Amino acid sequence: MMEELFLSDSYTNEFEARVVKLEGREVILDRTAFYPGGGGQPPDKGSLGIGPVGASVVDARREGESIVHVLDMAIPGTVRDLKGSLDWGRRFAHMRYHTALHVLSGVIWRNFDAKVTGGQMRADRARMDFSFPGEWTAEVVGDIEHLTNEAIAEERQVSIYELERGQALANPDLIRTQVNLVPGRVKTIRIVEIEGLDTQADGGTHVANTREVGEMEITGHKSKGRQNKRIEFVLQ
Ligand SMILES: [Zn+2]
């Protein structure tokens, strides 16, 4: 089984690994810090190399139990060990945006009874879709921005841990975020909890404390139907 270093420590940005499979521009390793994408968070980029051999990782994806690293050029098939290095500026931005999305999700639930239906993050912006039961006005959008920044500034701890499936299904916060949709074969569920605000089943990478998120600014919002709303934002 491949060791997924990003699950236990989001801040691992360099690592050493053995080659499990090397085929053209695609490499599978015994351990990796490269996030393969999922849950609205894009796959990591970076580099893999050893000595004079090196290539850029232009994409990563999950394939069964493995994570496949896609290189910009083939490396010799005789290579057995590789050092990996993430494009850390980009990944850290994804972490800040991912945590910001969860804060936003917690705030719109706590203050407006609104449920998230989707989200997408980039290194320089993010958006979130949700089902908003109340009236949708510019004033409400301003309130959402203000309340989210307040929650971020409270320097809330972000904890990551695992729960047995049964325990997770008994937690009302997790049911709200549809933990019941996690496939039945998954026996332990990874939880991301923002202290006192939001608890979700999540496989992504996050900052350790909301103080690392900075300040969010809503740059756009739209109504995509009676209840379906979208918010776009950037972080300062
Ligand atoms: Zn998430």
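Residues numbered from 1 in each chain as written. Predicted model: local features only at pLDDT ≥ 70, side-chain atom pairs only at ≥ 80, totals over all residues. Heavy atoms only, no water.

K.L.:
Any chance you could explain the sheet that holds strand 13 (residues 198-201) here in plain terms?
P.N.:
The strands that make up a sheet pair up through hydrogen bonds in the backbone, lying either parallel or antiparallel. The antiparallel open sheet is built from 3 strands, whose spatial order is 11-12-13. The open sheet is flanked by strand 11 (158-164) and strand 13, the only strands paired with a single partner. Neighbour-to-neighbour, the strand axes of this sheet turn through a mean angle of 25 degrees, independent of strand direction. Relative to strand 12 (residues 188-194), strand 11 is paired through 7 bridges, and the arrangement is antiparallel. Bridging across to strand 12, Leu-163 finds its partner in Ile-189. Sheet strands in contact with helix 2 (residues 88-112) are strand 11, strand 12 and strand 13, and its direction is about 120 degrees off that of strand 13. (Pairing = 2+ DSSP bridges. Helix = DSSP H or I, 4+ residues; strand = E, 2+ residues; numbered from the N terminus. Axes fitted to C-alpha atoms, helices over the stretch in contact; angles between N-to-C directions. Contact = heavy atoms within 4.5 Å.)

K.L.:
Sorry if this is basic, but what is going on with the coordination of the zinc ion here?
P.N.:
Reference values for coordination geometry: four tetrahedral donors around a metal ideally subtend 109.5 degrees, six octahedral donors ideally subtend 90 or 180 degrees. Every protein donor of the zinc ion is listed here as His-98 (NE2), His-102 (NE2) and Asp-202 (OD), and their distances to the metal cover 2.0 to 2.1 Å. The sequence pattern formed by the donor residues of the zinc ion is H-x3-H-x99-D. With His-98 and His-102 both in helix 2 and 4 residues apart, this pair spans about one turn of that helix. (Donors = N, O, S within 2.8 Å, 3.2 Å for Na, K, Ca; no water.)

K.L.:
How should helix 2 be read in this particular structure?
P.N.:
Quick reminder: α-helices carry 3.6 residues per turn. Residues three or four places apart thus point the same way. Between its first and last C-alpha, helix 2 extends 35 Å over 25 residues, near the 36 Å set by a 1.5 Å rise per residue. Positive backbone phi, approximately 55 degrees, marks Asp-113, located one or two places after helix 2. (Expected span 1.5 Å × (residues − 1).)

K.L.:
Which parts of the structure should I look at to understand the pairing of strand 9 (residues 115-121)?
P.N.:
Sheet faces and side chains relate simply in a regular strand, where the side chains alternate between the two faces. Note: strand 9 against strand 10 (residues 126-131), 6 bridges, orientation antiparallel. Directly across from Gly-118, in strand 10, lies its bridge partner Asp-129. The antiparallel pairing of strand 9 with strand 10 creates a hairpin that spans 4 residues between the two strands.

None of the figures reported here should be taken as evidence of function without further support.
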